[in-house]
Amino acid sequence: MSDVVAMVDRLGQAFLARDLEGVMACFVPEDDITYVGSEAGECATGRAAVRELLAGLFARPAAYTWQATSATVHTLPGGAFVIAEADGAEHTAAGTVEPFPYRITGLLSRRNSGAWLWRAIQGSEPT
């Protein structure tokens, strides 16, 4: 399911670019979406709430990204659940890059076009 795993990386690249519209385009167009980050309080459901949370994240001095290194994908009619281990990176305003382990889990919906889009996603830093 390389196209599902590609959505993990696509979202990571949009986060690095702080591309709010690009991140929102990774989600289904319906209002029934959820984003949960790795820090306390980083949880939002509904398009307006997710957009507001992400705008706050992108206003921080550092930008974050990740790229999947391995993944388990469970498919179901019209959807897929993914658990992806990833290499994360914090890009600071000073130009340094701090690597960290990251994990993405989430539910994707397959659209009539065949494209996969996120319905719910959680990012975490495994310890």
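Now for a description of the structure that goes with this document. Since this is a predicted model, take the numbers as computed values, not measurements.

**As for the pattern of salt bridges**
Phase 1: Tallying each qualifying case throughout the model produces seven salt bridges.
Phase 2: Among the ionic pairs, Arg111 bridges to Glu30, the shortest N-O distance being 2.7 Å. Residue Arg111 is located in the loop between β5 (97–110) and β6 (116–124), and its partner Glu30 is located in the loop between α2 (20–24) and β1 (34–36); the two are separated by 81 residues in the primary sequence.
Phase 3: Exposure remark for Arg111: the relative accessible area of 23% places this residue in the partly exposed category.
Phase 4: In this structure, the salt-bridge partner of Arg60 is Glu39, at a minimum N-O distance of 3.6 Å. Taken together, the residues span a long stretch of sequence, with Arg60 in the loop between α3 (47–58) and β3 (63–76) and Glu39 in the loop between β1 and β2 (43–45) at a distance of 21 residues.
Phase 5: Judged by its relative accessible area of 27%, Arg60 is partly exposed.
Phase 6: The exposure class of Glu39 is partly exposed, given its relative accessible area of 41%.

**Observations regarding the environment of Thr34**
Phase 1: Relative to the elements of secondary structure, Thr34 occurs in strand β1.
Phase 2: Spatially, the C-alpha atoms of Thr34 and Asp9 are 18 Å apart, while their sequence positions differ by 25 residues.
Phase 3: In this structure Thr34 touches Phe27, Ala44, Thr45, Val50, Arg119, Ala120 and Ile121, once residues within four positions along its chain are discounted.
Phase 4: One polar contact links Thr34 to Thr45, side chain to side chain, over a distance of 3.0 Å.

**Side note on the sheet that holds β6**
Phase 1: If you trace the six strands from one edge of the open sheet to the other, you get β2-β1-β6-β5-β4-β3, paired in mixed fashion. Either end of the sheet is taken by a strand with one partner, and the two such strands are β2 and β3. Strand-to-strand, the axes of this sheet are offset by a mean angle of 20 degrees, without reference to chain direction.
Phase 2: Each of β1 and β2 touches α3; the most contacted strand, β2, lies at about 150 degrees to it.

**Some thoughts on unusual backbone geometry**
Phase 1: Here Arg18, not a glycine, exhibits a phi torsion of approximately 55 degrees, which is positive.
Phase 2: Residue position: Arg18 is located in the loop between α1 (2–16) and α2.
Phase 3: Take Arg18: its relative accessible area is 33%, and that puts it in the partly exposed class.

**Brief notes about the pairing of β3**
Phase 1: In this structure, β3 lies alongside strand β4 (residues 79–91), joined through 13 bridges in antiparallel fashion. Residue pairing for β4: Thr75 is matched across the bridge by Ala80.
Phase 2: Here β3 folds back onto β4, and the loop between the two strands holds two residues, one of which, Gly78, carries a positive phi near 80 degrees.

**Remarks on the side chain of Thr65**
Phase 1: With respect to the helices and strands, the residue Thr65 is situated in strand β3.
Phase 2: The exposure class of Thr65 is buried, given its relative accessible area of 8%.
Phase 3: Within the structure, the side chain of Thr65 is placed 2.8 Å from the backbone oxygen of Gly12, a separation counted as a polar contact.
Phase 4: With sequence-adjacent residues up to four places away left out, Thr65 is seen in contact with Gly12, Gln13, Leu16, Asp87, Gly88, Ala89, His91 and Phe100.

About the criteria used
- Residues numbered from 1 in each chain as written.
- Predicted model: local features only at pLDDT ≥ 70, side-chain atom pairs only at ≥ 80, totals over all residues.
- Heavy atoms only, no water.
- Salt bridge = Lys/Arg side-chain N within 4 Å of Asp/Glu carboxyl O.
- Helix = DSSP H or I, 4+ residues; strand = E, 2+ residues; numbered from the N terminus.
- Buried < 20%, exposed > 50% of the residue type's maximum accessible area, 1.4 Å probe, protein only.
- Contact = heavy atoms within 4.5 Å.
- Polar contact = N/O pair within 3.5 Å; in protein donor to acceptor, adjacent residues only side chain to side chain.
- Pairing = 2+ DSSP bridges.
- Axes fitted to C-alpha atoms, helices over the stretch in contact; angles between N-to-C directions.

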